[in-house]
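# Survey of secondary and tertiary structure
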Amino acid sequence: MFRRDLDLERQWNGLLNALHQHIGKKPKDLNSVLFIIGVQELGQGARPFSKEEKQDLMHIAICKIMSLSGYYRLEGLDKQGWPHWKLLKKLPHFDLLEQEKLLKMHVLEYFEKEYSWKFGDNSSELS
């Protein structure tokens, strides 16, 4: 288990470095990466967002990444173009550390599937 955690952290740090190269600013934590995914999935570009919109963007990101494991399905977009998701199965109940690991694994999978980014042991590779 310890080795897997180290591998996850290496891949996570590779993602943070890749995002830094890609957007010019290194995300500071998981929430920052979820915000980036939410903005990308909204598809309206970078702009100022209200506090409520930022929370909604993070929710969009969580639904998107958890849809990779069948937890959510995209239902459609509202009049303003915001995606709405349907919960298909209950999310697993984990402690905070396990929740963070699960989300990080899904975020890495998202970038691999959506952008063909791969994160090895020592470096990140962007396609």
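Residues numbered from 1 in each chain as written. Predicted model: local features only at pLDDT ≥ 70, side-chain atom pairs only at ≥ 80, totals over all residues. Heavy atoms only, no water.

## A closer look at the overall build of the chain
Keep this limit in mind: Helix and strand labels come from DSSP, where a helix needs a run of H or I of at least four residues and a strand needs a run of E of at least two; each type is numbered from the N terminus. Every radius of gyration here is taken over C-alpha atoms, with the globule rule written as 2.2 Å times N^0.38, N being the number of residues. Note on exposure labels: buried denotes an accessible area under 20% of the residue type's maximum, exposed denotes more than 50%, and partly exposed covers the range between, all computed with a 1.4 Å probe on protein chains only. Contacts are assigned to residue pairs that have any heavy atoms within 4.5 Å of one another. Note on areas: Shrake-Rupley, 1.4 Å probe, and residue coverage restricted to the protein chains presented here.
The helix and strand inventory of the chain stands at 4 helices and 4 strands. Overall, the chain shows an N-to-C arrangement of helices and strands of α-α-α-β-β-α-β-β. For 127 residues, the compact-globule formula gives about 14 Å, and the C-alpha radius of gyration of the chain, at 15 Å, lands near that figure. In terms of overall dimensions, the chain has C-alpha extents of about 45 × 35 × 25 Å along its principal axes. Buried positions account for 33% of the 127 residues belonging to the chain. Across the chain, every contact between residues at least 6 apart in sequence was considered, and the portion connecting residues at least 24 apart equals 47%. Summed over its atoms, the accessible surface of the chain is roughly 8200 Å², and 51% of this surface lies on carbon and sulfur atoms.

## Describing the packing of helix α2 (residues 30-42) against helix α3 (residues 51-67)
So the rule is basically this: Helix axes use the C-alpha atoms of the stretch in contact, all axes being lines fitted to C-alpha atoms, and the angles between their N-to-C directions lie in the range 0 to 180 degrees. With respect to orientation, any angle under 35 degrees is reported as roughly parallel, any angle over 145 as roughly antiparallel, any angle of 65 to 115 as roughly perpendicular, and every other angle as oblique. All residues other than Ala, Val, Leu, Ile, Met, Phe, Trp, Tyr, Cys, Pro, Asp, Glu, Lys and Arg, Gly among them, are scored as polar; the first ten of these are nonpolar and the last four charged.
One way to put it is that α2 packs onto α3 with a least axis distance of 7 Å and a crossing angle of 85°. On the basis of their axis angle, the class for α2 and α3 is roughly perpendicular. Two secondary-structure elements touch here, α2 through Asn 31, Leu 34, Phe 35, Ile 37, Gly 38, Val 39, Glu 41 and Leu 42 and α3 through Lys 54, Leu 57, Met 58, Ile 60, Ala 61, Ile 62, Lys 64 and Ile 65. Split by residue class, the contact of α2 with α3 holds 11 nonpolar, 2 polar and 3 charged.

## Quick look at the side chain of Asp 7
For clarity, the cut-off: Polar contact is the term for a pair of N or O atoms within 3.5 Å; when the atoms are in protein, one must be able to donate a hydrogen and the other to accept it, and sequence-neighboring residues count only if both atoms are side-chain atoms.
Topologically, Asp 7 is positioned in helix α1 (residues 2-23). The class of Asp 7 is buried, set by a relative accessible area of 19%. At 3.0 Å, the side chain of Asp 7 forms a polar contact with the side chain of Arg 10.

## A short note on the environment of Pro 83
Considering the arrangement of structural elements, one finds Pro 83 in strand β2 (residues 83-87). A C-alpha to C-alpha distance of 9.7 Å links Pro 83 and Lys 64, two positions 19 residues apart in sequence. Once residues lying within four places of it in the same chain are set aside, the contact partners of Pro 83 are Leu 42, Ile 60, Leu 74, Gly 76 and Leu 77.

## Structural notes on the packing of aromatic side chains
Cut-off, in case you're wondering: Any two rings among Phe, Tyr and Trp, with Trp reduced to its six-membered ring, count as a pair given centres within 6.5 Å; such a pair is stacked if its planes are under 30 degrees apart, edge-to-face if over 60, and tilted if neither. Charge over a ring is defined by NZ of Lys or CZ of Arg lying within 6 Å of the ring centre and within 35 degrees of the ring normal.
Summed over the entire model, instances satisfying the criterion amount to 6 aromatic pairs. For the ring pair Phe 111 and Trp 117, a centre distance of 5.1 Å and an interplane angle of 20° mean the geometry is stacked. The pair formed by Phe 111 and Trp 117 is uniform in burial state, with each residue classed as buried. Taken together, the aromatic side chains of Tyr 110, Phe 111, Tyr 115 and Trp 117 make up a single cluster linked through ring pairs. In this arrangement the basic side chain of Lys 89 is found over the ring face of Tyr 71, its NZ or CZ atom lying 4.7 Å from the centre.

## Notes on the pattern of salt bridges
Keep this limit in mind: Think of a salt bridge as a Lys or Arg side-chain nitrogen and an Asp or Glu carboxyl oxygen that are within 4 Å of each other.
As enumerated under the stated definition, the model contains 9 salt bridges in all. Two residues, Glu 9 and Lys 104, come together in a salt bridge whose shortest N-O distance is 3.1 Å. Taken together, the residues span a long stretch of sequence, with Glu 9 in helix α1 and Lys 104 in helix α4 (residues 96-115) at a distance of 95 residues. Its salt-bridge partner being Glu 114, residue Lys 64 comes within 3.4 Å of it at the nearest N-O pair. Taken as a pair, Lys 64 in helix α3 and Glu 114 in helix α4 lie far apart in primary sequence, 50 residues in all.

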